[in-house]
Amino acid sequence: MVEKEKNGEYGAVLIVEAVFVFPIMFIIVFVMLMAGSAFFQHARVERLVVEAALDGASRCENPMLEKVSSTGSVPKEITADTKVMPYRYLLTQNAKKIGAEIGGELEQKVRGLQSVGFSGLEPKNVSVRATPHMFILVSSFQVECEFDIELPIRMLFAKENFRFHYAVSMTEPIGDPAEFVRNVSLVQDLLERNETVMEIAGKFQKAMQKLAKYLN
C-alpha cells in the first residue's frame, strides 16, 4: 500500500472512480429532483380538480350558491340571476351550463400553473371534462383532467423528450333531499293527471290485493 501511494497508483484509482461515479450520481440526483417537481405539479392539479368537483356539486345542489358567494348574503328578492331552478334534477340544462363553466375555469387554472424548481415543467396538452350526472335518485358531479409534464431529458436515440402523462379524476355526490321530494311529487302529479296511467295503476293495485289474499 505504501509503495502504491508513493508511485501514485492509489490516487490514480480514486480519480478513475470519481470520473465514472460522480457523473452518474449527479445524473441520478438531477433526474430524481426533476421527477419530484413533476409529481408536485401533479399534486397541484389534483387539488384543483378536487376543488372544482366540490364547487360544481355544490352549485348543482344549490344554484343560488353562486349568487350568495358573490354578494355575501342571501337575496331578499327572487330575481332572474338568483337561479332558484326548481326541478333541476329533471331539467338539467342549468347543470350542463355549470359543468361547462367549471371545466373552463379549471382548464384555465391548470394551464396557468408555473413550474417550481425547474423551468419548462408546466402542464401541457391539458384536457378537462366536467360532467354533471343528474338523476332523481342518485346524482354526482365528475371532473376529469389529463395533462403531460415534459422533462428536458431525451433518451438515447429518442426523437422527443421524456414526459409523464397524468390523468386525475374526482367524483363528488350531489344530495338534496328537499329537491328529491319535490321531483317525486312532480312525477306523481303528472301520473295522477293521466287517466290511462291511473287506470293501469288501479288494475295493478287490485291484482296485488287479490294476490295477497290468495297467499294469505
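Residues numbered from 1 in each chain as written. Predicted model: local features only at pLDDT ≥ 70, side-chain atom pairs only at ≥ 80, totals over all residues. Heavy atoms only, no water.

Novice: Explanation requested: the sheet that holds strand β3 (residues 163-174) in the structure shown.
Specialist: The strands that make up a sheet are held in pairs by hydrogen bonds between backbone atoms, and each pair lies either parallel or antiparallel. In spatial order, the strands read β1-β2-β3; together these three strands make up an open sheet with antiparallel pairing. Two strands in the sheet have a free side with no partner beyond their single neighbour: β1 (124-133) and β3. Going from strand to strand, the sheet's axes swing by 10° on average, the running direction of each strand aside. Sheet topology places strand β2 (residues 139-150) next to β3; twelve bridges connect them, and they run antiparallel. By the bridge assignment, Q142 is partnered in β3 with T171. The strands touched by helix α4 (residues 93-111) within the sheet are β1 and β2, with β1 carrying the most contacts at an inclination of about 155°. (Pairing = 2+ DSSP bridges. Helix = DSSP H or I, 4+ residues; strand = E, 2+ residues; numbered from the N terminus. Axes fitted to C-alpha atoms, helices over the stretch in contact; angles between N-to-C directions. Contact = heavy atoms within 4.5 Å.)

Novice: Explain unusual backbone geometry here, please?
Specialist: Of all residues except glycine, most have a negative phi; of all peptide bonds, most are trans. Even without a glycine there, the phi angle at N125 is positive, about 55°. Within the secondary structure layout, N125 lies in strand β1.

Novice: Just to check I follow, could you spell out α4 for this structure?
Specialist: Counting along an α-helix, one turn takes 3.6 residues, and residues three or four places apart therefore face a common direction. With 19 residues, α4 extends 27 Å from end C-alpha to end C-alpha; this agrees with the ideal 27 Å at 1.5 Å per step. Considered for burial, the residues of α4 that qualify are N94, A95, I98, G99, I102, G103, L106 and V110. (Expected span 1.5 Å × (residues − 1). Buried < 20%, exposed > 50% of the residue type's maximum accessible area, 1.4 Å probe, protein only.)

Novice: Sorry if this is basic, but what is going on with a nonpolar patch on the surface here?
Specialist: Judged by side-chain polarity, I15, V16, V19, F20, V21, F22, I24, M25, I28 and M32 come together as a nonpolar surface patch covering roughly 1000 Å² of accessible area. Here V21 lies in helix α2 (residues 9-61). (Patch = residues over 30% accessible without salt bridge, like charges linked within 9 Å, V, L, I, M, F, W, Y side chains within 5 Å. Areas by Shrake-Rupley, 256 points an atom, 1.4 Å probe, with all protein chains shown as cover. Salt bridge = Lys/Arg side-chain N within 4 Å of Asp/Glu carboxyl O.)

Novice: When you look at the pattern of salt bridges in this model, what are you seeing that I'm missing?
Specialist: Two side chains with opposite charge may pair up if their charged atoms get near one another. Per the counting criterion, the structure on display carries eight salt bridges. Residue E101 pairs with R59 through a salt bridge whose shortest N-O separation is 2.4 Å. Placement of the pair is E101 in helix α4 and R59 in helix α2, with a sequence separation of 42 residues. The class for R59 is buried, based on a relative accessible area of 7%. Linking D148 and R163 is a salt bridge whose minimum nitrogen-to-oxygen distance equals 3.5 Å. With D148 in strand β2 and R163 in strand β3, this residue pair connects regions lying 15 residues apart in the sequence. D148 gets classed as buried once you look at its relative accessible area, which sits at 9%. Residue classification places R163 among the partly exposed positions, given a relative accessible area of 34%. Bridged by salt links that share partners, the residues K124, D148, E150 and R163 form one connected network.

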